Amino acid sequence: MRTRLLGFTAALVLAAFGAAVPVAQAAVPVVTGPDCVADGGKVEYDATVGLYRCVGATEYDNELITKS
């Protein structure tokens, strides 16, 4: 009986985490490479963080590129 209760509780916790991930991703602003270029910027590689960054754009200046 305890094993079933533990398994059920674990399943509920994992389901809650699974439901929370898309909400957390939606809260992060999404800047794409084409959006950066259309805004007058250019995409440059930032070796300090290992990601691409939008440089020189009006709206997205110095934002990390989160999607291609």
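Our subject is the structure that appears above.
Remember, it's a predicted structure, so these values are computed and weren't measured experimentally.

What counts as what
Residue numbers restart at each chain and count upward from 1, following the sequence in its written direction. For a predicted model such as this one, the threshold for reporting local features is a pLDDT of at least 70, and the threshold for listing and counting side-chain atom pairs is 80 or more; totals across whole chains, interfaces and linings nevertheless cover every residue. To obtain the side-chain values, all non-hydrogen atoms of the structure were included, while hydrogens and water were left out. Helix and strand labels come from DSSP, where a helix needs a run of H or I of at least four residues and a strand needs a run of E of at least two; each type is numbered from the N terminus. Note on classification: 1.4 Å probe, protein chains only; a residue is buried when its accessible area is under 20% of the maximum for its type, exposed when over 50%, partly exposed between these limits. By definition, residues are in contact when any of their heavy atoms lie within 4.5 Å. All accessible areas in this document rest on Shrake-Rupley with a 1.4 Å probe, and a residue is counted as covered only by the protein chains that are shown. What makes a patch is a set of residues exposed beyond 30% relative accessible area and free of salt bridges, joined within 9 Å when like-charged and within 5 Å when nonpolar (Val, Leu, Ile, Met, Phe, Trp, Tyr). The term salt bridge refers to a side-chain nitrogen of Lys or Arg lying within 4 Å of a carboxyl oxygen of Asp or Glu. Geometry of aromatic contacts follows a simple scheme: Phe, Tyr and Trp rings, the Trp one being its six-membered ring, pair when their centres are within 6.5 Å, and the pair is stacked under 30 degrees between planes, edge-to-face over 60, tilted otherwise. Strand pairing is assigned whenever DSSP detects at least two bridges linking the two strands.

**Considerations on the overall build of the chain**
Inference 1: Each helix and strand counted, the chain has two helices and two strands in total.
Inference 2: Burial analysis of the chain (68 residues in total) assigns 16% to the buried set.
Inference 3: For the chain, the proportion of contacts with a sequence separation of at least 24, taken over those separated by at least 6, is 29%.
Inference 4: When the accessible surface of the chain is split by element, carbon and sulfur atoms take 65% of a total near 5,400 Å².

**With respect to a nonpolar patch on the surface**
Inference 1: Where nonpolar side chains cluster on the molecular surface, the patch consists of Val37, Val43, Tyr45 and Tyr52 and spans about 400 Å² of accessible area.
Inference 2: Position of Tyr45 relative to the elements: it lies in strand β1 (residues 42-46).

**Things to note about the packing of aromatic side chains**
Inference 1: Within this structure, the stated rule accounts for one aromatic pair.
Inference 2: The interplanar angle of 70° and the centroid separation of 5.2 Å between the aromatic rings of Tyr45 and Tyr52 together place this pair among those described as edge-to-face.

**Some points on the pairing of β1**
Inference 1: Across five bridges, the pairing between β1 and strand β2 (residues 51-55) is antiparallel. Directly across from Tyr45, in β2, lies its bridge partner Tyr52.
Inference 2: As consecutive antiparallel partners, β1 and β2 are separated by four residues, and within that stretch Gly50 has a phi angle of approximately 75°, a positive value.

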